[in-house]
Structure formats: C-alpha cells, structure tokens
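Residue-level structure breakdown
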Amino acid sequence: PEQLKTISPFSKNVHVILDSHGEFPMLPFSRSTKNGPREVLWEGMPATLRGIAQIAPALRATRESLNLKLDFVTDLNYFQLLGKYFRRETSSLLKHSLGEVYPNSEIIPWSRESLVSAAKESDLAIIPIDLSSPLQYLKPENRLLIMWRLGLPCLTSPSPAYIRVTKAAGVDTVCYSLTDWTEKFSEILTDSEIAEAIVSSGQSYLKENHNSELVLQKWDRVFQSVL
C-alpha cells in the first residue's frame, strides 16, 4: 500500500500483491530448552545489513546478560556498486556494523534450506532498517511475514509497512528507539509465553490475510483488469 501511493500518479491500474512465501514451511513456535546462548536471526541481502549498526548499542547492552548469539543468513560476498562492481566480503561489512559485538556473530550462506534450519535453532528474529534510505523505508512486509511463517517472534524498525502489519496482527514488536530494542529483546528472550503469543498472532494474520488462495485471487484481478 505504501508503494501504491507512490506509483498511483503514473498509473490508475496498480495492484498490491506480495510474494506468496509458499516455499517456506509454516513452523510451530518452539520453546527454547537450550542451556547455551540465545540465538537471534537476521536474514536478507548484504546491502541491507547497514541497518544493524543502528541497534548495535542495544546488542552490546544485552549480549552478556542474555548471552546472545547473532546468526546472519545472507550472501558471503556482495558488489558495492550497481550490483556488479567492487566485490566485497560481507564479513567486513558486518564487522564494521557490529563493532565489539562481531565475535558473537556468525554468517550462514543463504539458501532456503539454511534459512529454515537457522530459524529452527533461533529464539528471535530482527529486522533493523536504515529508515533514511527511501528504498528501505518503503519496503513491504515480506521479511516479517517470512519470520512469522518460520515460527519466530520478530522485532522491527518502524517502517510504514511494519507498523501497519503489526497493528493489524495485534502485536507490539516495532521498536522506535534503542530503549525499545533493549527492553523488547529482554522481554521476548526471557518470557516464552510472550514469544509464543507473538508467533500465534502473526500466523493467524498470515492465514487470514496472506494465504495462497487470496494471492491467486489478486492475480486473477490483475489479468481481468487488462482484458
């Protein structure tokens, strides 16, 4: 819907359809019984990793008290310019973004299988965004919906899409400040009932608003609109 407002002046026939995400299983919430570190999952393209720097202070504040381990499911390398120039290692970008928290992190090469596997071992997902970037600011809610599908509570930055969807799902997981990030980290990682309630509400939202039948109906309307 946020992108619709931007595009509408140039076309009257605009349809909002997200990816179906049917390639990912709908996993149940799993209570953590591990004695080791609490695992926090981030997933995405290296270009969006810079958002992690904005919450690095919150990660530093909680990494010891909560014994955090950060898993980043992403590409091992990326191109710094135009997607094809100046090849860089993602680990260098991550080290710069995390600072002293970097030793508590691990990069997992992206694949559908590795993401599902990492999700099963994780306690929480995070989606911090650089909201000063127009491209990031107007991204849709795809990543959040995937984390819910994978059975994870997920904290996000306050982008328009994440605010809209979390309100509709009835969950309080948008972080407006470093204090929010720190407090919600602690709340979710120490109270499994809160974590389970977030996943339950998120998956109920998915079933009602983002199932395969609805997605196909939207595509039917696209084709009907141009016949």
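Refer to the structure presented above.
Here's a quick rundown of the structure.

The rules behind the values
- Residues numbered from 1 in each chain as written.
- Predicted model: local features only at pLDDT ≥ 70, side-chain atom pairs only at ≥ 80, totals over all residues.
- Heavy atoms only, no water.
- Pairing = 2+ DSSP bridges.
- Helix = DSSP H or I, 4+ residues; strand = E, 2+ residues; numbered from the N terminus.
- Buried < 20%, exposed > 50% of the residue type's maximum accessible area, 1.4 Å probe, protein only.
- Contact = heavy atoms within 4.5 Å.
- Patch = residues over 30% accessible without salt bridge, like charges linked within 9 Å, V, L, I, M, F, W, Y side chains within 5 Å.
- Areas by Shrake-Rupley, 256 points an atom, 1.4 Å probe, with all protein chains shown as cover.
- Salt bridge = Lys/Arg side-chain N within 4 Å of Asp/Glu carboxyl O.
- Expected span 1.5 Å × (residues − 1).
- Arc of directions from axis to C-beta.
- Polar contact = N/O pair within 3.5 Å; in protein donor to acceptor, adjacent residues only side chain to side chain.

1. Examining the pairing of strand β3 (residues 77–81)
Two strands pair when backbone bridges link them, and β3 and strand β4 (residues 85–89) are joined in this way by 4 bridges, in the antiparallel orientation. Of the residues in β4, the one forming a bridge with Leu-81 is Tyr-85. Hairpin connection between β3 and β4: a loop of 3 residues separates the two successive antiparallel strands, and Leu-82 in this loop has a positive phi of roughly 55°.

2. Looking at the environment of Phe-10
Considering the arrangement of structural elements, one finds Phe-10 in the loop between α1 (2–7) and β1 (38–43). Residue classification places Phe-10 among the exposed residues on the basis of a relative accessible area of 73%. Taking the C-alpha atoms as reference, Phe-10 lies 34 Å from Thr-74; in sequence the two are 64 residues apart.

3. A word on the environment of Ile-52
With respect to the helices and strands, Ile-52 occurs in the loop between β1 and α2 (56–62). With residues near it in sequence (within four places) discarded, Ile-52 still touches Trp-42, Leu-59, Phe-72, Ser-97, Leu-98, Ile-126 and Pro-128.

4. So, a nonpolar patch on the surface
On the surface, a nonpolar cluster with roughly 440 Å² of combined accessible area is contributed by Leu-81, Leu-82, Tyr-85 and Phe-86. Topologically, Phe-86 is positioned in strand β4.

5. With respect to the environment of Thr-179
As for its position among the elements, Thr-179 is in helix α8 (residues 178–190). In sequence terms Thr-179 and Ala-195 are 16 residues apart; their C-alpha atoms lie 19 Å from each other.

6. Observations concerning helix α9 (residues 192–209)
With 18 residues, α9 should reach 26 Å at 1.5 Å per residue; the first-to-last C-alpha distance of 26 Å fits that figure. The set of residues buried in α9 consists of Ala-195, Ile-198, Val-199, Gly-202, Gln-203, Tyr-205 and Leu-206. The buried side chains of α9 occupy one side of the element, clustering within an arc of 150° when seen end-on. Residues of α9 that are exposed and point over 90 degrees away from its buried face: Glu-193, Lys-207 and Glu-208. For α9, the secondary structure elements touched by its buried residues are α6 (142–149), α7 (160–169) and α8. Measuring from the side-chain oxygen of the N-cap residue of α9 to the backbone nitrogen of Glu-193 gives 3.1 Å; that N-cap residue is Asp-191.

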